[in-house]
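# Survey of secondary and tertiary structure
Listed below, chain by chain, are the residues.
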Amino acid sequence: MKRKMGYGLIAVMLLLSACSSNGGGGEATGSATPSGSEASAPSESGSPAATGGTQDPLGKYETPIEVTTARSLGSTVTFAEGESLDNNVWYRGYQEDLGIVLKNEWTVPEGQYGQKMNVSIASGNIPDIVTVDLTQLQKLIESDMIMDLTDVFEQYASELTKTTLSMDGGVGWTAATFGGKKMALPSTASVIDGTQMIWIREDWLKKVGMDAPKTIDDVWSVAEAFVKQKPGGQAKTYGLGLGKDIYSGYGGIGGLAYGLKAYPKAWVAGADGKLAYGSVQPEMKEALAKLQEMFKAGLIDPEFGVYDANKVNELITSGQIGMFYGQHWNAFWPLPDGFKNDPEANWMPYPIVSADGSSASSLAGNGAVFFYAVKKGAKNPEALVKLLNYSLEKQYGPNGRDKRFFNNEDTNMNLYAYAAVTAQDPLQNINIYRGVKQALESKSDAGLSFDAKDNYESINKYLAGDEAFWGSYKWSGPEGALSVEDGYDNNGQVTLNGFLGAPTETMLKKGSTLDTLELETFTKIILNAASIDTFDTFVANWNKLGGEEITNEVNEWAASK
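Now for a quick tour of the structure.

Cut-offs applied
Residues numbered from 1 in each chain as written. Predicted model: local features only at pLDDT ≥ 70, side-chain atom pairs only at ≥ 80, totals over all residues. Heavy atoms only, no water. Helix = DSSP H or I, 4+ residues; strand = E, 2+ residues; numbered from the N terminus. Rg over C-alpha atoms; globule rule 2.2 N^0.38 Å. Buried < 20%, exposed > 50% of the residue type's maximum accessible area, 1.4 Å probe, protein only. Areas by Shrake-Rupley, 256 points an atom, 1.4 Å probe, with all protein chains shown as cover. Lys, Arg positive; Asp, Glu negative; His and termini not counted. Charge placed at Lys NZ, Arg CZ, Asp CG, Glu CD. Pairing = 2+ DSSP bridges. Axes fitted to C-alpha atoms, helices over the stretch in contact; angles between N-to-C directions. Expected span 1.5 Å × (residues − 1). Contact = heavy atoms within 4.5 Å. 1 Å grid on protein atoms, 1.4 Å probe; cavity = no way out; pocket = protein on both sides within 12 Å on 5 of 7 lines; lining within 4 Å. Points joined across faces, edges and corners; volume = space filled by probe spheres on them. Nonpolar A, V, L, I, M, F, W, Y, C, P; charged D, E, K, R; others polar. Phe/Tyr/Trp six-rings, centres within 6.5 Å; stacked < 30°, edge-to-face > 60°. Lys NZ or Arg CZ within 6 Å of the ring centre and 35° of its normal.

Another point: the overall build of the chain. A tally of regular secondary structure across the chain gives 19 helices and 16 strands. At 25 Å, the chain has a C-alpha radius of gyration in line with the 24 Å of a compact globule built from 561 residues. Structurally, the chain occupies a C-alpha span of about 75 × 60 × 40 Å along its principal axes. When each of the 561 residues of the chain is scored for burial, the buried share is 55%. Put simply, the chain shows about 23300 Å² of open surface, and 48% of that area lies on carbon and sulfur atoms. In the chain, which carries 47 positive and 69 negative side-chain charges, the distance between the mean positions of the two groups comes to 2 Å.

Next up on the list: the sheet that holds strand S13 (residues 347-351). As summarised here, the arrangement of the three strands in space is S12-S9-S13, forming an open sheet in which the pairing is antiparallel. Either end of the sheet is taken by a strand with one partner, and the two such strands are strand S12 (323-326) and S13. Between one strand and the next, the sheet's axes are offset by a mean angle of 30°, whatever the strand orientation. The sheet contact formed by strand S9 (residues 197-201) and S13 spans five bridges and is antiparallel. Its bridge partner being in S13, Met-197 is matched across the sheet by Pro-351.

Below, the discussion takes up helix H14 (residues 428-442). With 15 residues, H14 extends 21 Å between its outermost C-alpha atoms, agreeing within 8% with the 21 Å of an ideal straight helix rising 1.5 Å per residue. Among all positions in H14, only Gln-428, Asn-429, Ile-430, Ile-432, Tyr-433, Gly-435, Val-436 and Ala-439 are buried. Of the surrounding elements, those touching the buried residues of H14 are helix H13 (382-396), helix H15 (450-463), helix H16 (470-476) and helix H17 (481-491). Taken from the residues just after H14, Lys-443 is the one with a positive phi, measuring 60°.

A word on empty space enclosed by the protein. The gaps of empty space that remain are located by a probe, the size of a water molecule, rolled over the atoms. Applying the stated criterion across every chain yields a total of two cavities of 30 Å³ or more. Approximately 30 Å³ is the volume found for the second largest cavity. Along the walls of the second largest cavity sit Leu-240, Gly-241, Leu-242, Ile-300, Asp-301, Phe-304, Tyr-307, Leu-315 and Ile-321, which together make up its complete lining. In terms of residue class, the lining of the second largest cavity is made up of seven nonpolar, one polar and one charged.

This brings us to the packing of aromatic side chains. Under the counting rule described, the total for this entry stands at 30 aromatic pairs. Between Phe-339 and Trp-470 the ring centres are 4.9 Å apart and the planes differ by 10°, which places this aromatic pair in the stacked class. Taken together, the positions of Phe-339 in helix H12 (residues 335-341) and Trp-470 in helix H16 put the pair 131 residues apart, joining distant regions of the chain. An aromatic cluster is built from Trp-90, Tyr-91, Tyr-94, Tyr-390, Phe-405, Phe-406 and Tyr-416, whose rings are joined through pairwise contacts. One Lys or Arg, Lys-561, reaches over the ring of Phe-178 and ends 4.3 Å from the middle of that ring.

Turning our attention to the pairing of strand S3 (residues 65-73). Bridging between S3 and strand S4 (residues 100-109) involves nine bridges; their strand directions are parallel. Following the sheet pairing, Ala-70 is matched in S4 by Trp-106.

The antiparallel open sheet is built from three strands, whose spatial order is S5-S15-S8. Looking at which strands have only one partner, the edges of the open sheet turn out to be strand S5 (129-132) and strand S8 (185-186). As paired elements, S8 and strand S15 (residues 371-374) share two bridges and run antiparallel to each other. When the sheet's bridge partners are listed, Leu-185 is paired in S15 with Tyr-372. Helix H3 (residues 134-142) rests against S5 and S15 of the sheet, and its axis sits at about 135° to S5.

Okay, structure coming up:
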């Protein structure tokens, strides 16, 4: 389950604007017209003519074709006067450059999209191109409503598209492939951005005379020193930040568990090679025992069971907590607030550690969470692939990012939100860090991508004394959060969730009950309100209440791949 991979782009929309100081806008470094977008003679089917045995990925239909889709609109998305989700820079680009007239069959507010799409699927009436989650994708396949895109993708995808969709280690394609057929295109995103790291106040480490932890026992020792010596000067100090959402990417137990080879809420290969649920494995009992011991020693706030993320944030920014397991985006939230309150709060990210000091492997995210499918019988299924080619060309093509299609700096409009078909380079954030590192060493931004250049400029502003860019420095700087992810990638310290399919039948029926049982049991164990042996009872109940059936279903899915 461990693979050496490169990953990238932020998987949470919260940070799409945090990658650069101006909210993710871009600059064109050359012509905005993608290469190969001139008109080509249509074939008999109305598709662009073949070139060298394949179809021109960015060729324009001589006679425009009409393709339907469905869209949702986020509450923060705005338009210039006279424009809308039916009339904007992306839709005009599709028509002018590709000869594709994209029509929105229906649009709804973002929160209503899933329900509306479910109704469309149930009625058997969907547009030519649909954006769906895994559960909806599975329903479409079972209802024989969508096309196999294997050959269409091979013929029409640009090299940039093929490379981009493969850079997540195959996670997106695994989820979108059924019976060896590519039934949808994954909207790829970061996988490694889901990994965990330890954030520690370096200034506190110096005050207590300790180094960053190398083992789980060192984590305990640092936490204990913070509690006993109170380096922040607060009456109450806790060594390890934790909240009631114990699986959160911020203030959760994941990073410590991974260090003990326990992977809660994930499916990993067992000794027999089959997929096993990490939360019911013996390693999880060991992780819970360690957390219970830390709680009994006063290293964890006794009220953590009622703390949401905002409360954990309050404790961290007020100087009552000096260490927590988190993710890369903590460089932007909540840590800058703590720095504003106390300029000496020098938060530093470190890799998670193991029990014996060997390299620990962090669980990664699942990457793509939505997919693009084509209605069976659609006249031009290749249009989906060409739309994706177009989007990626505008972002990562040889001419650089095309400013016309991204954030409008004058109006602060997120033009990228108008695009109907998108994907992200899973290497984007890692490449930002690597580009910044190279630029800092050479003292030159020559050859940098827009994003790397933008972050390089932000870091130089921080180094010149502008503390407004503290978060950027802690994110993509030489020892920032992305340096930890870069180390994970280079050293193969990533464990992938082995189950990438839609929720199984038993998951849908009994998953909620099992999740509640798990959360309540684990929280009670950590709080020392239940003995560690309660874990054994939990495992037995989990299997009896549906877990055994789920395990069989998950392995049936794995066998089908």
